[in-house]
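What the coordinates show
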Amino acid sequence: MLVLALTHRSYAYEFGGLPTNERLEFLGDSVLGLVVTEELYTKFPDLDESKLSPLRSGVVNMRALAQIARELNLGEYLRIGKGEERTGGRDKNSILADSLEALIGAIYLDLGFKKTQEIILKWLRPAIESANAQGFGLDAKTALQELCAAQALSTPEYEIAESGPDHDKSFTAVVVISSEKFEAGEGKSKREAEQAAAKLAYDKIDARTT
């Protein structure tokens, strides 16, 4: 099951259609979402849905999951195709995040929900604390728009790019403010990518004035 969790579709296709980690990823994504949602619901009883949702996105997003995968050295053990190998697939955020979710799915099937919950929270509790402290509970796009208005900057605009097959798309968003482009945000939906990009731009602009 561990081998399956680490088998990217690029490797499977090169070796004649082996099973891939995508089903485990699908399962792991749901388990991860439930664990984090329950933790946020319990930990922040005073936050309503409008604040819990972006807080969850601040914790469970492609960039954050990829960083955890790097801390686990997951990329070193992935089975990827030669094409992905040549283009740095072992360190791509999308591949690392998806593989971490597949690993979570495998852990869940092997050890059950309670143990999986413990492992996920061990990985994510620092991110949950950090996200709340940094204001991820607020809508990043709204916060950025208000900051731009206060500093007489232009209204933020978002450039969106998408990649991947229809069943597994990834999105990248870049914020443009007064002709300046900021660091790209990534996500599995346009909204998640825009929120991530808005947070990155907000932090950079805010740092210039503090």
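Below is a short write-up of the structure. (Residues numbered from 1 in each chain as written. Predicted model: local features only at pLDDT ≥ 70, side-chain atom pairs only at ≥ 80, totals over all residues. Heavy atoms only, no water.)

1. Digging into the pattern of salt bridges
What counts is decided by this rule: Here, a salt bridge means any Lys or Arg side-chain nitrogen found within 4 Å of an Asp or Glu carboxyl oxygen. Strands here mean DSSP runs of E at least two residues long; helices mean DSSP runs of H or I at least four residues long; both are numbered from the N terminus. Partly exposed residues are those whose accessible area sits between 20% and 50% of the maximum for their type, while under 20% is buried and over 50% is exposed, using a 1.4 Å probe and protein chains only.
Considering all chains together, one arrives at 14 salt bridges under this definition. Note that Glu 183 is salt-bridged to Arg 63, the shortest N-O span being 3.4 Å. Of this pair, Glu 183 sits in the loop between strand E3 (180–181) and strand E4 (185–187) while Arg 63 sits in helix H5 (residues 62–71); the two residues are 120 residues apart in sequence, bridging distant segments of the chain. On the basis of relative accessibility, which here comes to 29%, the residue Arg 63 falls in the partly exposed class. Between Asp 203 and Lys 199 there is a salt bridge whose closest N-O contact spans 2.9 Å. Highlighted residues: Asp 203 and Lys 199, both in helix H10 (residues 190–208), separated by 4 residues, approximately one helical turn. With relative accessibility at 35%, the residue Asp 203 sits in the partly exposed group.

2. Things to note about the nonpolar core
Going by this rule: Remark: nonpolar core denotes a set of buried residues (Ala, Val, Leu, Ile, Met, Phe, Trp, Tyr, Cys) joined through side-chain atoms within 4.5 Å.
Core analysis: the biggest nonpolar cluster contains 31 residues, and Leu 32, Leu 100, Trp 123 and Leu 124 have the highest contact counts within it. Those elements that provide at least two residues to this core are helix H3 (22–43), helix H4 (49–59), H5, helix H7 (93–111) and helix H8 (113–133). At 7 residues, the largest contribution of residues to this core is made by H7.

3. Points about the packing of aromatic side chains
The following threshold applies: Centre distance within 6.5 Å is the pairing criterion for rings of Phe, Tyr and Trp, where only the six-membered ring of Trp is used; planes under 30 degrees apart are then read as stacked, over 60 as edge-to-face, and the remainder as tilted. Counting as a charge over the ring demands two things of the Lys NZ or Arg CZ atom: a distance within 6 Å of the ring centre and an angle within 35 degrees of the ring normal.
Applying the stated criterion across every chain, the model contains 1 aromatic pair. The ring centre of Tyr 158 lies 4.8 Å from the NZ or CZ of Lys 141, which sits over that ring.

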